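The primary structure of each chain is shown beneath.
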Amino acid sequence: MSTTPPRPARGRPASRARSTGPAPERSRGGRATAVADRERGRRRPARTPTRGTGTGTGLDRLRILLVATMGAVLAGYTMLVPVAALLTGTGGVAVTADGALATAVPLWLAAHLIPVAVDGRPFGVLPLLPTLVVVALVAFCSRWAVLRLGGRVRHDAGAVVASQAGAAAALAVLAGALLPRDMAVTAPWASMIGAGLVAGAAAGIGVVHACGAPAAWKRVLAGWPGAALAGARVAAAALLLVAALVLTVALVASASDVADTAERIAPGAWAGVGVLVLSIGYLPNALVGALSWALGAGVSVGIARSGPFGVEPGPLPPFPPAVVLPVTTVPTAAVLVVLLPVVAGVLGGIACRRALADDAPVVDRVVAPALAAVVVAVGAAVPAALAGGALAGGPYDPVSFHPWAVLGCALLLVGIPAVLTCAGTELARHVPMGGTDRSRTAVDRARAARDRRRGSTVGELVERRRTAGAPARRADAAWDDDGGHDDLHPYSDAAPDEEPDGAGRTATRRVDGSAGRDPAGDDEDPDHGDGDGDDAGDHGPDGRRAAGRRPDRDTDGGDPSDRRTDGRTDRITRPRDRSRDD
C-alpha cells in the first residue's frame, strides 16, 4: 500500500509545517530539533573572514597595519614606564605619574640606540637589554600583522616592515622634542634613521619567521650558501657560549669586588634593587665585552685597557659590571682563552662539512666556511660598535670594545680553523710533499721523463717498443740523404707512422729489413738473404707492409738468440751504405 507524504498546513511554509507523523516522533526532542532547524534557516550567510586569506579591503589592511604599528610602539613605551619609576624611586626622588612618563621618553630613545646628551655631555653607552626587548616586541607584532594580511611575502611583508620602520622614525623625532630641558638628542637626523633601522630590522625578522624565506632565497641557499649559514649559526652560538663562560668566570673571580662596589653606591636595600635592575640592563654589554676580551681585542675604559695579552692600568667607573675588568694584572694562563674561539671555528667547519654534499668541489668546501666566518665576524663587530660610546666626557670616556679588532680577530680565530676543518682533507691532496715522482709537480714529472728518454739507447727504445706491441718508427726516416745521424730522435713518445692501405686497414712501417724498401726491391739488406720467404708478396701497392700481415718472427718458440733483434738494431744505429746503389 503506497503512502503519500503529508501535505503542509495551509498558510504556512513547508519548513514551518507541523509534523503529522506518528505520535512518538512528536516528542520533546523532536520539537527541539525542529526549532533548531528553523533558527538555522533564519540566519544569514556568514561574512567571509579576512584573516589569513588576504582578500580584505583596503580599509581592513590599513586597520591591521595601524593596530600592529601602534601596538608595538605603545607596548614598548608602556613597558618602560614602570622601569623608569623604579629607577627614579631608588635614586631618592619622589615618584609621580608625570615624572615616570617623562623619564620613560629617554629610555625609549635609548632602547632604539639613540644617544642623548645630559647637560651638554653626550651619553652613548646605552644598555642593550631594552633594545632586545623592543626588537622582540616589534617582531611579534609584525608577525601577527603579516599573518592577518595573508602571509604573502611580496604582497604583505613590505607594507608591514615599512609601517613599523616609519612609525619608529617619526616617533623618534617626536620623542626628541618631548625631552626635558636638560636633555637633548645629539643628532636628530641620525636618531630618526637609527630608530627606523632598528624597527625595520625587527619587523623583517618577524616577517621572515612568519612567511618563511622567499622561493628565490631558497634556490640561492640550496648549495654552499646554505652550508655557510648553517656553519655561521653553530659558530655564533659557540661564541655566545664562550662570552657567557668568560663573563661567569670573571664574576666569580671578582665577586667580592662586585659586592663592595654595589654596597658603596647603594647602601640600602631599596637602592640596591635599582642598581641590580640597571646592571641587568647592561648585561648584554658585559657579554659583548667578554667576547671582545676572549677574541684578544680587549676592552678600553678611558685610559684603562684590559686584554688577555696585557693590561694598562687606569680608573674604572664604580659600577658592578665594570669592576670585573682586570686592569692591574692578568694571569699568564689567560692567553689560553683565545683557544675557545678556535673551538667555535672548528664546530662551524664541521657544520659546514655536514651540510655540504659528499661530492662537493673543493671550492665550495673553502668558500662555505669562509663566508660563515665573515658572517660571524660581522655579527660580533656590530654589537661591539653599538655597546660602546661616549661616557659624559669624564675620566671614563670613552668606553670601547674595539669593533675593528674584533672583526679581524674573529676572521682569523674562527675562519682559519673552519676552513681547515671543512676542506683540510681535500686541500692536503693538492699540496706536494716531495720525495717521489708521484708527489712531484707536472713540470718536474715531464722533465724527469724527458731525461730518461734521452738517456736511453736506440736499441733499448726499439726493444721497448717491440715488447710493448707498439709500432716502431721507420728507421730510414732517422737518416738524412747524406748518411748523417744528427736528425735521429729516439723518443718513445714519437707518433707512429701509419697510413691507411687500399684495403681499409692501417699499414704500419716497421724497423726490420722490409720496412723501408723500395717497391722494386733495390734497397735490400745484404744481411738478410734473398731466400727469405717471409718477404715475398708481403707489400701493398705503396710498398709498405700491412700491420695485420706482420711475420711471426718475434713470437716463435725458438731460441731467442736466433731472433734478428741485433740485426735490426744494427740497421738503425749503423748508417746505410749507399755505395751499392751507384
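This text follows the structure it describes.
Rules used in this analysis
- Positions within a chain are numbered from 1, following the residues in the order the chain's sequence is written.
- Only residues with pLDDT of at least 70 are given local features in this predicted model, and only at 80 or more are side-chain atom pairs given and counted; all residues enter the totals for whole chains, interfaces and linings.
- Water and hydrogen atoms were dropped before computing side-chain values, which therefore reflect all heavy atoms in the structure.
- Between any two strands, at least two bridges found by DSSP are needed for them to pair.
- Per the convention used, a helix needs a DSSP run of H or I reaching at least four residues, while a strand needs a run of E reaching at least two, with both numbered from the N terminus.
- A 1.4 Å probe rolled over the protein chains alone gives each residue an accessible area, and that area as a share of the maximum for its type sets the label: buried under 20%, exposed over 50%, partly exposed in between.
- Contact criterion: two residues are considered in contact whenever any of their non-hydrogen atoms come within 4.5 Å of each other.
- In this analysis an axis means a line fitted to C-alpha atoms, helices contributing only their contacting stretch, and an angle means the value between N-to-C directions, from 0 to 180 degrees.
- Residue count minus one, scaled by 1.5 Å, sets the expected span of a helix.
- To be clear, the arc concerns the directions from the helix axis to the C-beta atoms.

A. Structural detail: the sheet that holds strand β6 (residues 310-312). The strand order across the open sheet built from 4 strands is β6-β5-β4-β7, with neighbouring strands paired in antiparallel fashion. A single partner strand is all that each edge strand has here, and the edge strands are β6 and β7 (399-400). Both strand β4 (residues 299-301) and strand β5 (residues 304-307) contribute to a ladder of 3 bridges, which runs antiparallel. When the sheet's bridge partners are listed, Ser 300 is paired in β5 with Arg 305.

B. Broad picture of the side chain of Ser 300. Tracing the backbone shows Ser 300 in strand β4. On the basis of relative accessible area, Ser 300 is assigned to the buried category, the value being 10%. Each residue touching Ser 300, except ones within four places of it in the same chain, is listed here: Arg 305, Pro 398, Val 399, Ser 400 and His 402.

C. Inspection of the sheet that holds strand β3 (residues 183-185) at higher detail. Reading across the sheet, the 3 strands line up as β2-β1-β3 and stay open at both edges, with antiparallel pairing between neighbours. Among the strands making up the open sheet, the edge pair consists of β2 (121-123) and β3. Each neighbouring strand pair of the sheet contributes to a mean axis angle of 35°, computed without reference to strand direction. As paired strands, strand β1 (residues 116-118) and β2 are joined by 3 bridges and run antiparallel to one another. Each bridged residue has a counterpart across the sheet, and for Ala 117 the counterpart in β2 is Pro 122.

D. Molecular detail of helix α10 (residues 269-281). With 13 residues, α10 should reach 18 Å at 1.5 Å per residue; the first-to-last C-alpha distance of 19 Å fits that figure. Within the sequence span of α10, burial applies to Ala 271, Gly 274, Val 275, Ser 279 and Gly 281. Projected onto a plane normal to the axis of α10, the buried residues spread over an arc of 155° and lie on a single side. Facing away from the buried side of α10 by over 90 degrees, the exposed positions are Ala 269, Trp 270 and Leu 276. In this structure, the buried residues of α10 make contact with α2 (58-90), α4 (129-149), α9 (255-265), α11 (283-295) and α12 (320-323).

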